[in-house]
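What follows is the residue order along each chain.
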Amino acid sequence: MARMKFVCDAERCIECNSCVTACKNENEVPWGVNRRRVVTLNDGVPGEKSISVACMHCSDAPCMAVCPVQCFYRTEEGVVLHDKDVCIGCGYCSYACPFGAPQFPSQGTFGVRGKMDKCTFCAGGPETNGSEAEFEKYGRNRLAEGKLPACAEMCSTKALLAGDGDVVADIFRTRVVQRGKGAEVWGWGTAYGSQQAGKPPVNGVQK
Amino acid sequence: MKRPGLIALGVALAASCLVACGEKPQTNAQGVKRDAVPWSGTSSQQNAGTVFTAPGWKVGDKTAWQQQLKTRTQNGQNEYNKEN
């Protein structure tokens, strides 16, 4: 099995924010924290694009590298998780993360910063699977229920894909080939070995 | 006599260089509690599911869980499967 991955298809995302709502509801995310957000590029300009952003569960996660108490770990399936009992709330991870994934609730006394909170790929945390403690600290453990993250399963246009990296990549490639554009983007050849990598389609034909 | 020795040395050198391509273990940091594997289910009993567990796979079976996630991704997120 490959690693668990998220991919957001900017050609399909309609900025409906259902992924954000699904995540908030499923995991009962605290006030002031959005584990998932929709970012719009060139907002208001014709041709604007939106993407849904959360923790990308990096293979070489910078949050994990900078954590002074080593509260992060990566599961066998490639999901980056953390232990809130070990976290000291220093905030280094939020500065290191390029996606703004680690966030800190501030509903404590005098607005004190709490323990870090981030997307768990709906995989809970290091408490007993399905336990109340796991739900309160990290949210729902859908992976252990044989399900995928709620954000992706709730996405109305299926812009947000989540699951086994091989399957997700296969679905995305099929879409690009069907729509006849997209393989010209940087990195396509590295990812898929396309003959057309880095070049625009010839007469609208994607190879 | 000299040539096989040189080849063996070259292979050994190449193999030692490949070590750099490996990954550091990141599965569990020091001091962090052990996390249960996801295919062990969410029930308080060992290798058992609850009413919320998706049907179609055997809880406790890693291969069945992996296949379940792949099938669920294809069925739920790849509409080309439905249309064609």
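Rules used in this analysis
Residues numbered from 1 in each chain as written. Chains lettered and ligands numbered in written order. Predicted model: local features only at pLDDT ≥ 70, side-chain atom pairs only at ≥ 80, totals over all residues. Helix = DSSP H or I, 4+ residues; strand = E, 2+ residues; numbered from the N terminus. Rg over C-alpha atoms; globule rule 2.2 N^0.38 Å. Buried ≥ 20, exposed ≤ 12 C-beta atoms within 10 Å, placed from the backbone. Core = buried A, V, L, I, M, F, W, Y, C linked by C-beta atoms within 7 Å. Contact = placed C-beta atoms within 7 Å. Pairing = 2+ DSSP bridges.

Caption draft 1: Structural context of the overall build of chain B. Counting its regular elements, chain B contains 3 helices and 0 strands. Scanning chain B from its N terminus toward the C terminus, one meets helices and strands in the order α-α-α. Expected size for 84 residues packed as a compact globule is a radius of gyration near 12 Å; at 23 Å, chain B overshoots this value by more than 25%. Taking all 84 residues of chain B together, 19% fall into the buried category.

Caption draft 2: View of the nonpolar core. Among the nonpolar cores identified, the biggest contains 46 residues, and Phe72, Phe121, Cys151, Ala152, Leu160 and Ala162 of chain A are the most heavily contacted of them. Listed by contribution, the elements that provide at least two residues to this core are strand S1 (4-8), helix H1 (18-27), strand S4 (72-74), strand S5 (80-82), helix H5 (150-154), strand S6 (160-164) and helix H6 (165-179) of chain A together with helix H2 (62-77) of chain B.

Caption draft 3: Broad picture of the interface of chain A and chain B. At the junction of the two partners, chain A supplies 35 residues and chain B supplies 34 residues. Here the element with the most residues in the side of chain A that touches chain B is H6 of chain A; it accounts for 4 residues.

Caption draft 4: Structural context of the pairing of strand S3 (residues 49-53) of chain A. All names here are of chain A. Residue alternation in S3 divides its side chains into a buried set, Ser50 and Ser52, and an unburied set, Lys49, Ile51 and Val53. Across 5 bridges, strand S2 (residues 37-41) lies against S3 in antiparallel orientation. Paired with Leu41 across the bridge in S3 is Lys49.

Shape is all these values report; function is a separate question.
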